[in-house]
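Observations on chain architecture
Listed below, chain by chain, are the residues.
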Amino acid sequence: MKVKLVTHVLLLSVAMASCNDEVFVSRPPEVIPPEENPEPEPENKDSLVLQSLTYGIGTLNVEPVGESISETIFNNSCDKPIKVYVLYDNYNNSLVRISNSTYYVIPWKKEQPNIQIPGIGSYGLPYFDDTEIPFKFGITSVPRQYMPGHTESFELPPSTMIRAYIYVNRKVVTAKADIVYYISDFPDSLSENWVDVSVLVPVEIRVEWGKIMPIQ
């Protein structure tokens, strides 16, 4: 199952200045794609434990997904200019989805070992770094840190407002992996199955500033 993201999503937030020298934009709401044909949660969640996960050779693929747009309005009601900032770290999380067609047949324990997840390298190719997450079916948000710590700033004159448009371009890495697991009460009861792993990765973030306008 591939992670899907609705393109050209517009998320709006407003940053109000309190006559400080600097104003930072707040974190936007996270765009989480809906599950396809979601299954009901099982009542008992303490049965299966992952022992190993091995990605299949040749199953890694990268596909473009599209671009989302977040819009933030900065207001400066002070009598002096202030700097307003957009933090890239608020927009660079990846979304990991692990799924298959049978994972609700028997419930899984909540505590699971860590697994590696694929990312996208500087040449647009899939690769593995040291990023790990606890194994879990469903969606997990992971800070991939595209241009970590980077900011875009703008000096806003007194009694004015401006809109910042943040464009995030994403790609999805997909892979199939073999898993080995056991029943928690019977560690020697090994079984094998497979899962689909999809990682929605930000590959470009850019900011465009609108026109300076008087506060309305």
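Check the entry above for the structure.
All values reported here derive from a predicted model rather than from experimental measurement.

Attention now moves to the overall build of the protein. A count of helical and extended segments in the protein gives 0 helices and 13 strands. Starting at the N terminus and ending at the C terminus, the protein contains elements arranged as β-β-β-β-β-β-β-β-β-β-β-β-β. Contacts in the protein between residues far apart in sequence, at least 24 positions, make up 84% of those at least 6 positions apart. Roughly 11,900 Å² of accessible area belongs to the protein as shown, and the carbon and sulfur atoms make up 52% of that amount.

All told, the structure shown has 7 aromatic pairs when counted by the stated rule. A ring pair is formed by Trp-108 and Phe-137, whose centres lie 5.3 Å apart and whose planes are at 70°; its orientation type is edge-to-face. Remark: Phe-137 occurs in the loop between strand 8 (126-134) and strand 9 (138-143) and Trp-108 occurs in the loop between strand 6 (93-99) and strand 7 (114-120); sequence separation between them is 29 residues. By relative accessible area, Trp-108 is classed as buried at 14%. A relative accessible area of 15% places Phe-137 in the buried class. Between Trp-108 and Tyr-181, the aromatic rings sit 5.1 Å apart at their centres with planes inclined by 50°, giving tilted as the arrangement.

Glancing now at unusual backbone geometry. Phi at Met-147 is positive, roughly 45°, even though this residue is not glycine. Within the secondary structure layout, Met-147 lies in the loop between strand 9 and strand 10 (151-156). One non-glycine residue, Ser-159, lies in positive phi territory at about 55°. Mapped onto the fold, Ser-159 is located in the loop between strand 10 and strand 11 (160-183). For Ser-159, a relative accessible area of 45% gives the class partly exposed.

For the rest of this paragraph, the subject is the pattern of salt bridges. A complete count under the given rule lists 4 salt bridges for this structure. Residues Glu-71 and Arg-163 are paired through a salt bridge, measuring 1.9 Å at the closest nitrogen-oxygen approach. Of this pair, Glu-71 sits in strand 4 (residues 61-76) while Arg-163 is found in strand 11, placing the two residues 92 residues apart along the sequence. In this structure, the salt-bridge partner of Lys-176 is Asp-196, at a minimum N-O distance of 3.1 Å.

Turning our eyes to something else, we now look at the nonpolar core. Within the largest apolar cluster, 24 residues are counted, with the highest numbers of intra-cluster contacts made by Leu-53, Val-96, Ile-98, Trp-108, Phe-135 and Val-195. Going through the elements one at a time, strand 3 (48-55), strand 6, strand 7, strand 11 and strand 12 (186-209) are the ones with two or more residues in this core. If you tally residues by element for this core, the top one is strand 11, at 5 residues. Counting residues in each nonpolar core, the second largest holds 13 residues, with Ile-162, Ala-164, Val-168 and Ile-205 among its members.

Assignment of secondary structure puts Met-213 in strand 13 (residues 213-214). By relative accessible area, which is 35% here, Met-213 ends up partly exposed. Between the alpha carbons of Met-213 and Thr-160 there is a distance of 5.4 Å; along the sequence they are 53 residues apart. Not counting the four nearest positions on each side in its chain, Met-213 is found in contact with Ser-159, Thr-160 and Met-161.

Thresholds applied
Residues numbered from 1 in each chain as written. Predicted model: local features only at pLDDT ≥ 70, side-chain atom pairs only at ≥ 80, totals over all residues. Heavy atoms only, no water. Helix = DSSP H or I, 4+ residues; strand = E, 2+ residues; numbered from the N terminus. Contact = heavy atoms within 4.5 Å. Areas by Shrake-Rupley, 256 points an atom, 1.4 Å probe, with all protein chains shown as cover. Phe/Tyr/Trp six-rings, centres within 6.5 Å; stacked < 30°, edge-to-face > 60°. Buried < 20%, exposed > 50% of the residue type's maximum accessible area, 1.4 Å probe, protein only. Salt bridge = Lys/Arg side-chain N within 4 Å of Asp/Glu carboxyl O. Core = buried A, V, L, I, M, F, W, Y, C linked by side-chain atoms within 4.5 Å.

Spatial relationships are all this shows, so hold off on functional conclusions.
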